[in-house]
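For reference, the chains in residue letters:
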Amino acid sequence: MPPSLAVNFAGVCMPNPFMLASAPPTTTTEMVDRCFRQGWGGAVLKTLTYQVSLSSNVTPRIAAYKDGDEILGFTNCELGTPHTIEEWAEDTYKLKKKWPDRGVFVSLLHTEGLFENQWREVARMFTEAGADGFELNFSCSHGMAEAGGGASIGSSDELVEKVASWVVTETSKPVMTKLPAMVNDLPGKAKAAQRAGAAAVSTINTLNSLPGIDIRTFSPLNSVDGLGAFQGLSGRAIKPVALRSVAQVASAVNIPISGIGGIYKWQDAVEFILAGASSLQICSAVMEYGYRIIGDLCAGLLNYMEEMGFSGIGDFVGKALPNIKKHHDLSRSYRVKASADDSCVGCGRCVASCADSGYKAISLDEARKAVFDSESCDGCGLCSHVCPVRGCITLRKEAV
Ligand SMILES: Cc1cc2nc3c(=O)[nH]c(=O)nc-3n(C[C@H](O)[C@H](O)[C@H](O)COP(=O)(O)O)c2cc1C
């Protein structure tokens with residue numbers, strides 16, 4: 001039997017674990033319809049705005065965080081959607097009628113205050129509209145966080161539990177809480193969500209950031225008439241933080257996790273699953289390349305599963321967790337020592353890094369080849385990462 005990508009995520013069945021994250025790729029249900037036609041398993045609709053006034057987004061509001069020409073991430077200060085809640089509910093009903101086999105989650109809620117009646121009202125409306133479930137946006141890192149919503153809810157165990165329980169008690173559908181990465185005691189927030197009856201946790205949202213400053217005009221980027229605000233950072237740059245968050249939450253609760261943050265390739269997806277996620281959400285990769293990446297994601301994941309002998313996603317959810325330990329549990333019974341092979345090009349980068357950030361263990365000989373003094377080498381590993389020639393510097397274990 002070939003492996004299957006199908007998942008039952010918190011009671012919602014989808015043909016594969018790949019969902020669009022709540023973000024520009026889910027700005028309208030017409031767009032979600034298009035992504036489903038291309039094969040996406042599910043989607044979290046763009047976070048609903050309770051007060052229409054909030055839909056007046058600033059422009060521009062999205063920028064790329066780059067190293068040269070390479071996009072490392074995006075920064076944004078987007079808040080609103082162009083639709084009213086009533087329009088979203090009608091469109092959600094039509095979307096679900098057309099796509100009964102895909103997961104449609106509704107993201108709640110940008111409000112100008114923490115009003116229980118608003119959260120309950122919207123939960124009721126979208127339960128009736130046939131949404132498969134809810135994602136509670138307790139993690140928006142800019143704008144709403146300053147106004148008491150988003151990440152400021154996700155930073156408090158008490159608020160996570162309180163607001164989640166408003167929605168959980170108002171709907172029969174699964175409720176997932178989207179938690180921020182940069183909080184004290186993320187596992188505590190996940191436990192608070194579980195106590196409230198949440199069916200799943202998703203993590204992470206964007207990371208609060210200052211993308212840059214124009215050094216001539218002193219204007220922060222992205223500039224709106226010369227002024228700026230803190231922005232949310234997404235994409236490749238945040239993947240290590242997202243993986244850590246997923247692993248931390250997976251170790252704290254026994255409800256399913258939707259992993260988000262810097263997923264571009266099928267290999268990224270595998271890592272998130274190994275860290276404990278059983279569905280995956282993607283925004284930045286779609287902003288960069290479009291919905292069509294779903295073909296490669298599914299094909300790559302299937303090939304990997306076949307190669308590894310996994311018949312379903314459940315076979316490897318959290319498989320890496322037993323290998324993630326506390327720092328003091330890691331072995332000190334050996335050290336590694338660095339050495340280079342003949343492919344050394346004599347650039348001297350390892351020499352400079354070791355001398356100025358390490359142990360002065362490397363020099364260049366007359367032929368400009370790196371020579372390692374194994375007595376001085378502390379085995380930190382830095383040289384092998386600054387070396388531009390792949391595989392030139394290797395680290396060999398020595399017992400101590
Ligand atoms: C322009 C932009 C707008 C976003 N809007 C929302 C939103 O409305 N609600 C939400 O929960 N997350 C929002 N996000 C965050 C994404 O859903 C996602 O959590 C984050 O971008 C990390 O995933 P990625 O690295 O795949 O982009 C937004 C992200 C971007 C880049």
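Note: the structure precedes this text.
Residues numbered from 1 in each chain as written. Predicted model: local features only at pLDDT ≥ 70, side-chain atom pairs only at ≥ 80, totals over all residues.

Draft legend 1. Quick look at the overall build of the protein. Scanning the protein from terminus to terminus reveals twelve helices and 20 strands. Radius of gyration (C-alpha) of the protein: 24 Å, near the 21 Å computed for a compact globule of 400 residues. Structurally, the protein occupies a C-alpha span of about 75 × 60 × 40 Å along its principal axes. Long-range pairs, those at least 24 residues apart, make up 71% of the contacts in the protein with a sequence separation of at least 6. (Helix = DSSP H or I, 4+ residues; strand = E, 2+ residues; numbered from the N terminus. Rg over C-alpha atoms; globule rule 2.2 N^0.38 Å. Contact = placed C-beta atoms within 7 Å.)

Draft legend 2. Highlighting the nonpolar core. Judged by nonpolar contacts, the single largest core of 92 residues is most densely connected at L20, F134, A164, V167, A198, V201 and V246. If we skip the residues at most four places from it in the chain, A198 touches A164, V168, V175, M176, T177, A193 and I255. Counting twelve residues, the second-largest nonpolar core is a separate cluster that includes A361, A370, C377 and C383. (Core = buried A, V, L, I, M, F, W, Y, C linked by C-beta atoms within 7 Å. Buried ≥ 20, exposed ≤ 12 C-beta atoms within 10 Å, placed from the backbone.)

Draft legend 3. Structural detail: the pairing of strand β8 (residues 133-137). Extensive coverage of β8 is indicated by the burial of five of its five residues. Because side chains alternate across β8, one face comprises the buried residues G133, E135 and N137, and the other comprises F134 and L136, equally buried. Sheet topology note: the strand β7 (residues 103-108)/β8 ladder contains four bridges and is parallel. By the bridge assignment for β8, L108 is matched with L136. For the handedness criterion, the β-α-β arrangement of β7, helix α3 (residues 116-128) and β8 is classed as right-handed. Sheet analysis places β8 next to strand β9 (residues 175-178), joined by four bridges and oriented parallel. Its bridge partner lying in β9, E135 is registered against M176. (Pairing = 2+ DSSP bridges. Right-handed = clockwise from strand over helix to strand, strands pointing away.)

Draft legend 4. Quick look at helix α5 (residues 157-168). If you check α5, its first and last C-alpha atoms are 16 Å apart, about what twelve residues at 1.5 Å a residue would give, namely 16 Å. Among all positions in α5, only V160, E161, V163, A164, W166, V167 and V168 are buried. Structurally, α5 contributes buried residues whose contacts are with β7, α3, β8, α4 (151-154), β9 and α6 (186-196). (Expected span 1.5 Å × (residues − 1).)

Draft legend 5. Structural view of the sheet that holds β9. The strand order β3-β4-β7-β8-β9-β10-β15-β16 describes a closed barrel built from eight strands, whose pairing is parallel. Sheet twist, expressed as the mean angle between neighbouring strand axes with direction ignored, is 25°. Pairing of β9 with strand β10 (residues 200-203), which is carried by three bridges, proceeds in the parallel orientation. Note that in β10 the partner of K178 across the bridge is S202. (Axes fitted to C-alpha atoms, helices over the stretch in contact; angles between N-to-C directions.)

Draft legend 6. Seen up close, the packing of helix α8 (residues 266-274) against helix α10 (residues 293-308). Axis separation between α8 and α10 bottoms out at 8 Å; the angle between their running directions is 60°. Judged by the angle between their axes, α8 and α10 are oblique. Crossing geometry of α8 relative to α10 is assigned as right-handed. Of α10, the residues touching α8 (which contributes W266, A269 and V270) are D296, L297, G300, L301 and Y304. (Parallel < 35°, antiparallel > 145°, perpendicular 65-115°, else oblique. Left-handed = near helix turned anticlockwise from the far one by under 90°.)

Draft legend 7. Seen up close, helix α1 (residues 29-37). All buried positions along α1 are accounted for by T29, V32, C35 and F36. With its buried residues spanning 110° around the axis, α1 presents them on a single face. In this structure, α1 carries E30 and R37 as exposed residues pointing more than 90 degrees from its buried face. Positioned one or two residues after α1, G39 has a phi angle of 115°, which is positive. (Arc of directions from axis to C-beta.)

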